[in-house]
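Letter by letter, the chains look like this.
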Amino acid sequence: MKLYLLGLLMLAFTGQVIAAQSLVIAHRGAPGYLPEHTLESVTLAYALGADFIEQDLVVTKDSKLIVLHDIHLETVTNVEQTFPSRKREDGRYYALDFTLAELKTLNVHERQDANGKQVFPNRYQGKGTFHIVTFEEQIELIQQLNRQFNKTTGFYPEVKSPAWHKQQGVDISQLVMAVLRKHELDDEDKAIYVQCFDFAETQRLRNDLGAKVKLIQLIGENDWQESPTDYDFLKTPAGLKAIAKVAQGIGPWIPQLVDLKTMQPTGFVEQAHIAGLKVHPYTFRKDALPENINTQQTLQLLFKDLKVDGLFTDFTDTVVTYLAE
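Cut-offs used in this document
- Residues numbered from 1 in each chain as written.
- Predicted model: local features only at pLDDT ≥ 70, side-chain atom pairs only at ≥ 80, totals over all residues.
- Heavy atoms only, no water.
- Helix = DSSP H or I, 4+ residues; strand = E, 2+ residues; numbered from the N terminus.
- Rg over C-alpha atoms; globule rule 2.2 N^0.38 Å.
- Buried < 20%, exposed > 50% of the residue type's maximum accessible area, 1.4 Å probe, protein only.
- Salt bridge = Lys/Arg side-chain N within 4 Å of Asp/Glu carboxyl O.
- Lys, Arg positive; Asp, Glu negative; His and termini not counted.
- Polar contact = N/O pair within 3.5 Å; in protein donor to acceptor, adjacent residues only side chain to side chain.
- Contact = heavy atoms within 4.5 Å.
- Core = buried A, V, L, I, M, F, W, Y, C linked by side-chain atoms within 4.5 Å.
- Axes fitted to C-alpha atoms, helices over the stretch in contact; angles between N-to-C directions.
- Parallel < 35°, antiparallel > 145°, perpendicular 65-115°, else oblique.
- Left-handed = near helix turned anticlockwise from the far one by under 90°.
- Arc of directions from axis to C-beta.

Considering the overall build of the protein chain
Next up, step 1: When helices and strands are counted, the protein chain shows 13 helices and 11 strands.
Next up, step 2: In terms of overall size, the protein chain behaves like a compact globule, its C-alpha atoms giving a radius of gyration of 19 Å where 325 residues would be expected to give roughly 20 Å.
Next up, step 3: Seen through its C-alpha atoms, the protein chain measures out along the principal axes to roughly 50 × 45 × 40 Å.
Next up, step 4: Relative to its 325 residues, the protein chain shows a buried fraction of 54%.

Quick look at the structure:
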């Protein structure tokens, strides 16, 4: 509760003065300061002036949509201690194997690696209690804050691992569209983008499921094995043209836009703009920058030189302040 009040008090002192064409997208809430995707993290991202707040969506055993970056649980929760016998043969704990009620008993902590070491050591180091939340809980929170503060902070959900969910007998896109329609968010004029790494699923959302909401095609690298999509093709003019038939923009990885050794643009942003696509790259982290560039230089490169249309960031306040100046 104290964190909620802190976030709300900060609203009184935090402006949302940014260039209209440059969106600040709160990546997993405000994970630079609080555990990712929790309601406290969302509240803080809202208070810091985010234009959109991201929700990564996965499915529970009882077909509920929860906000969690991975289909696995152990990197951000204490599932190993709470349900030690519930791992699969690969040693991983899957959200899909737990009911929402079971997941609500878990404590969310800072992201850890396979050895239990905090990935970003200087981030939240407290012992607070944080919980997994549903997509609808985040929708309600943001909508109520918008109502009370007369703002239009938007949603940026991601349909996570649709091919994997399908292999498990779950149609995650159907569930996502049902929630959007329930809350009247399947609307191209509303402050919401739906993103997905799987191009086949992006096409299915638009063509088969009749999605009216704005869509963003995320761009990864083939060796990540994020989805069956051929990202090398999507990065070509022909690929961008194919994306433009169903989506309003792309979400590329920042190193796809600029050579981090020479700091020279790759031309990808320009090609996407020629195809009529917005460009919202991921992820700006001021505590994980290349050695040869600082925060100010990074943001200038992205917004002034490359002219991206928005940016995913773990540090909403840093980007908001830069754009305001």
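That shown, we press on.
Some points on the pattern of salt bridges
Next up, step 1: Across all of its chains, the model carries 17 salt bridges by this definition.
Next up, step 2: Across the salt bridge formed by Glu-74 and Arg-92, the nearest N and O atoms sit 2.1 Å from each other. Of this pair, Glu-74 sits in the loop between β3 (65-67) and α3 (79-82) while Arg-92 is found in the loop between α3 and α4 (100-103), placing the two residues 18 residues apart along the sequence.
Next up, step 3: Take Arg-92: its relative accessible area is 28%, and that puts it in the partly exposed class.

Describing the side chain of Asp-198
Next up, step 1: Tracing the backbone shows Asp-198 in the loop between β5 (193-196) and α8 (199-207).
Next up, step 2: Among buried charged residues, Asp-198 stands out as having no salt bridge; its nearest opposite-charge side chain is Lys-166, 9.0 Å away.
Next up, step 3: A distance of 3.0 Å separates a polar side-chain atom of Asp-198 from the backbone nitrogen of Ala-200.
Next up, step 4: Sequence-distant contacts of Asp-198, that is, excluding residues within four places in its chain, are made with Pro-162, Ala-163, Gln-217, Ser-227, Pro-228 and Thr-229.

Observations regarding the nonpolar core
Next up, step 1: Grouped together as the largest cluster of nonpolar side chains are 101 residues, with contacts concentrated most on Leu-73, Leu-180, Ile-243 and Ile-250.
Next up, step 2: Apart from the residues lying within four places of it in its own chain, the contact partners of Leu-73 are Leu-68, Val-79, Tyr-93, Tyr-94, Ala-95, Phe-98, Leu-103, Leu-106 and Ile-132.

Brief notes about the side chain of Glu-201
Next up, step 1: Within the fold, Glu-201 resides in helix α8.
Next up, step 2: Owing to a relative accessible area of 11%, Glu-201 belongs among the buried residues under this scheme.
Next up, step 3: Of the polar contacts made by the side chain of Glu-201, one reaches the side chain of Ser-173; its length is 2.6 Å.
Next up, step 4: In this structure, Glu-201 is in contact with Pro-162, Ser-173 and Cys-196, ignoring residues within four places of it in sequence.

Here's the deal with the packing of helix α2 (residues 39-47) against helix α5 (residues 135-149)
Packed helix pairs are characterised by how far apart their axes lie and by the angle those axes make with each other.
Next up, step 1: Where α2 contacts α5, the axes come no closer than 11 Å and their chain directions differ by 30 degrees. The angle between the axes of α2 and α5 places the two elements in the roughly parallel class. Considering the relative orientation of α2 and α5, their crossing is right-handed. Residues Leu-39, Val-42, Thr-43 and Tyr-46 of α2 form the contact with α5, whose own contacting residues are Glu-137, Gln-138, Leu-141, Ile-142, Leu-145, Asn-146 and Phe-149.

Things to note about helix α7 (residues 172-182)
Next up, step 1: Along α7, the residues classified as buried are Ile-172, Ser-173, Val-176, Met-177, Val-179 and Leu-180. Along α7, the residues classed as buried sweep out an arc of 160 degrees about the axis, all on the same side.
Next up, step 2: Two to three positions downstream of the cap, the backbone nitrogen of Ser-173 sits 3.3 Å from a side-chain oxygen, assigning the N-cap of α7 to Asp-171.
Next up, step 3: Glu-184 sits one or two positions beyond α7 and adopts a positive phi of about 55 degrees.

Digging into the pairing of strand β4 (residues 154-159)
Next up, step 1: Counted residue by residue, β4 has six buried out of six residues, so it is predominantly covered.
Next up, step 2: Burial along β4 is two-sided: Gly-154, Tyr-156 and Glu-158 and Phe-155, Pro-157 and Val-159, pointing in opposite directions, are all buried.

Here we look at the environment of Val-170
Next up, step 1: Inspection of the secondary structure puts Val-170 in the loop between α6 (162-167) and α7.
Next up, step 2: For Val-170 and Leu-96, which are 74 residues apart along the polypeptide, the C-alpha to C-alpha distance reads 9.4 Å.
Next up, step 3: In this structure, Val-170 is in contact with Val-59, Leu-96, His-165 and Leu-175, ignoring residues within four places of it in sequence.

Section: the environment of Asp-317
Next up, step 1: By the secondary structure assignment, Asp-317 is in helix α13 (residues 316-324).
Next up, step 2: Spatially, the C-alpha atoms of Asp-317 and Leu-44 are 9.8 Å apart, while their sequence positions differ by 273 residues.
Next up, step 3: Those residues in contact with Asp-317, other than ones at most four positions away along the chain, are Tyr-33 and Leu-48.

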